[in-house]
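So the chains spell out like this:
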Amino acid sequence: MNERYSTMSKGQKLLAAYITDNYDKAVFLTAAKLGEVVGVSESTVVRFAAQLGYKGYPQFQKALEEMVRSKLDAASRIEVTFGRISRSRVLESVLKADIEKIKGTLHTIDQNAFELAVDTILTAKRIYIIGIRSCAPLAAFLSFYLNYIFDHVTLLHTNSSSEIFEQMVRISKEDVIIGISFPRYSLRTLKALEFANHRNAKVITLTDSVHSPMNLYSSCNLIAESDMASIVDSLVAPLSVINALIVALCMRRQDEVANTLESLEQIWEDYQVYKNDEIDYIDDKFKMHYAKAVDFDMEKDSDMEKDSS
């Protein structure tokens, strides 16, 4: 499926994405039922199996069964491994796993796609960013720093589907939308990308696989490894890709970024943004005056004690 993904039709790509993410369920489905679940015809499922080199869907299903069996064995081994990890090794294990995700992303990410993303963002009139649920912090982080570089950056608020489209009502071919989604993929994010694509806007995705449904409407795909540790999504590698994207954009807009930061530094100083808010600033002069006052009071009390004696 990986080798032939680029030559597949849209329906076949949907099948590949579903099977990749739900192989343990797909293995038990007939061709008709698999088509119904994915939203394609039974004939599309049969042609999909044939394009992969199988004589028919039953042969493909048998091969899938063999793969699932090996996957389940691997999952069982992983479960045993995690069962043996003591509480004292949780930190070490999770951090090492995150390191591996970054290393894997570094080796597999498409450098040309990364450069295309940078160029697309630089030439866009307006920039829209969307990330839902666990991906929301990634979207907010990217939006926070892009606002230092560009004038028209919109972080889409995602309380409801209708609200998303209302914020995107003016999106056009001169604009770009950056969609961030990892398993389990967000349908609202996918619909936002579909809407942007219909308006001929540029679509950039940050996701975990070429088979991700997020890539159905994108012209530029940034792939970062993601996994789960307990109930927590591991999004360290995607955040590193976002960091690299921000740095690359800053390097292409050095003068504008420098001027913006200089202005902000002056504003922060004039309005004591960090002194009173972020750091809980304490005036040393007040401390000195307070110390002197205490010393004076102590001396006064001592003199009064002497006089009374």
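Treat the numbers as computed from the prediction; the structure is a model and nothing was measured. (Residues numbered from 1 in each chain as written. Predicted model: local features only at pLDDT ≥ 70, side-chain atom pairs only at ≥ 80, totals over all residues. Heavy atoms only, no water.)

A.B. asks: What's the story with the overall build of the protein in this structure? I'm lost.
C.D. replies: Along its length, the protein carries 14 helices and seven strands. Across the 309 residues of the protein, 36% fall into the buried class. Sequence separation of 24 or more characterises 68% of the internal contacts of the protein that already satisfy a separation of 6 or more. Per element, the accessible surface of the protein, about 19,600 Å² overall, is 54% carbon and sulfur. (Helix = DSSP H or I, 4+ residues; strand = E, 2+ residues; numbered from the N terminus. Buried < 20%, exposed > 50% of the residue type's maximum accessible area, 1.4 Å probe, protein only. Contact = heavy atoms within 4.5 Å. Areas by Shrake-Rupley, 256 points an atom, 1.4 Å probe, with all protein chains shown as cover.)

A.B. asks: Would you explain the side chain of S209 in this entry?
C.D. replies: Residue placement: S209 occurs in the loop between β4 (202–207) and β5 (220–223). Relative accessible area serves as the criterion here: at 16%, S209 is assigned to the buried category. The residues contacting S209, other than those within four sequence positions of it, are N215 and I223.

A.B. asks: Just checking my understanding: could you explain the pairing of β4 for this structure?
C.D. replies: Along any regular strand, the residues point their side chains to alternate faces of the sheet. Most of β4 is tucked away: five of the six residues are buried. Bridging between strand β3 (residues 176–180) and β4 involves five bridges; their strand directions are parallel. Across the sheet, residue I177 finds its bridge partner in β4, namely V203. After leaving β3, the chain enters helix α10 (residues 187–198) and then returns to the sheet as β4, a path that is right-handed. Where β4 lies against β5, four bridges are found, and the strand directions are parallel. When the sheet's bridge partners are listed, L206 is paired in β5 with L222. (Pairing = 2+ DSSP bridges. Right-handed = clockwise from strand over helix to strand, strands pointing away.)

A.B. asks: In this structure, what is going on with the sheet that holds strand β1 (residues 127–131)? I would like to understand it.
C.D. replies: The strands making up a sheet associate through hydrogen bonds between their backbones, and the pairing can be parallel or antiparallel. Taken in spatial order, the five strands make up an open sheet running β2-β1-β3-β4-β5, and their pairing is parallel. Each edge of the sheet is formed by a strand with only one pairing partner; in this case those strands are β2 (153–155) and β5. For this sheet, the mean inter-axis angle between neighbouring strands, taken without regard to orientation, is 15 degrees. (Axes fitted to C-alpha atoms, helices over the stretch in contact; angles between N-to-C directions.)

A.B. asks: When you look at α10 in this model, what are you seeing that I'm missing?
C.D. replies: Spacing of three or four residues puts side chains on the same side of an α-helix, whose turn is 3.6 residues. When the terminal C-alpha atoms of α10 are compared, their 16 Å separation across 12 residues agrees well with the 16 Å that a helix rising 1.5 Å per residue should span. Residues of α10 that are buried include every one of T189, L190, A192, L193 and A196, and no others. The arc enclosing the buried residues of α10, seen along the axis, measures out at 160 degrees, which places them on a common side. Exposed side chains of α10 directed beyond 90 degrees from the buried face belong to L187 and H198. (Expected span 1.5 Å × (residues − 1). Arc of directions from axis to C-beta.)

A.B. asks: Help me understand the nonpolar core, please; the structure alone is not making it clear to me.
C.D. replies: Soluble globular proteins: nonpolar side chains tend toward being buried together. One finds I127, L146, F150 and L249 to be the most contacted residues of the largest nonpolar core, which totals 38 residues. Beyond its immediate chain neighbours, meaning those up to four positions away, L249 contacts V118, I121, L122, L146, I149 and F150. Among the nonpolar cores identified, the runner-up in size contains 20 residues, and Y18, V45, F48 and F60 belong to it. (Core = buried A, V, L, I, M, F, W, Y, C linked by side-chain atoms within 4.5 Å.)

A.B. asks: For this particular structure, what's the right way to read the environment of F150?
C.D. replies: Structurally, the position occupied by F150 is in the loop between α8 (136–149) and β2. Using a relative accessible area of 8% as the deciding quantity, one classes F150 as buried. For the pair formed by F150 and E256, sequence separation is 106 residues and the distance between their alpha carbons is 8.8 Å. In this view, F150 contacts I121, L122, I127, L249 and R253; residues no more than four positions away in its chain are not counted.

A.B. asks: Would you take a moment to explain the packing of helix α6 (residues 90–108) against helix α11 (residues 236–252) for this structure?
C.D. replies: It is at 8 Å that the axes of α6 and α11 come closest, and there the two elements cross at 50 degrees. Relative to α11, the element α6 is oriented oblique. By crossing handedness, the relation of α6 to α11 is classed as right-handed. Packed against α6, whose contacting residues are D98, K101, I102 and T105, the element α11 presents V236, A237, S240 and V241 at the interface. (Parallel < 35°, antiparallel > 145°, perpendicular 65-115°, else oblique. Left-handed = near helix turned anticlockwise from the far one by under 90°.)

A.B. asks: Would you mind going over helix α3 (residues 31–38) with me for this structure?
C.D. replies: By the burial criterion, the buried members of α3 are A31, L34, G35 and V38. Summarising the axial view, the buried residues of α3 lie within an arc of 100 degrees, below the 170-degree limit, and thus occupy one face. Positive phi appears at G39, one or two residues downstream of α3, with a value of about 100 degrees.

A.B. asks: Looking at this structure, I do not really get unusual backbone geometry. What am I missing?
C.D. replies: Trans peptide bonds make up the majority, and among non-glycine residues the majority have a negative phi. One non-glycine residue, R133, adopts positive backbone phi at about 60 degrees. Take R133: it is sitting in the loop between β1 and α8. Owing to a relative accessible area of 72%, R133 belongs among the exposed residues under this scheme. Non-glycine residue N200 carries a positive phi angle of around 65 degrees. Note on placement: N200 falls in the loop between α10 and β4.

A.B. asks: Where do I start with the pairing of β1 in this structure?
C.D. replies: The element β1 is extensively covered by neighbouring structure, given that five of its five residues are classed as buried. Because side chains alternate across β1, one face comprises the buried residues I127, I129 and G131, and the other comprises Y128 and I130, equally buried. Pairing of β1 with β2, which is carried by three bridges, proceeds in the parallel orientation. Across the sheet, Y128 pairs through a bridge with T154, a residue of β2. Since β1 and β2 lie parallel, the crossover through α8 that links them has a hand, and here it is right-handed. Pairing of β1 with β3, which is carried by five bridges, proceeds in the parallel orientation.

These values are about where atoms sit, not about what they do.
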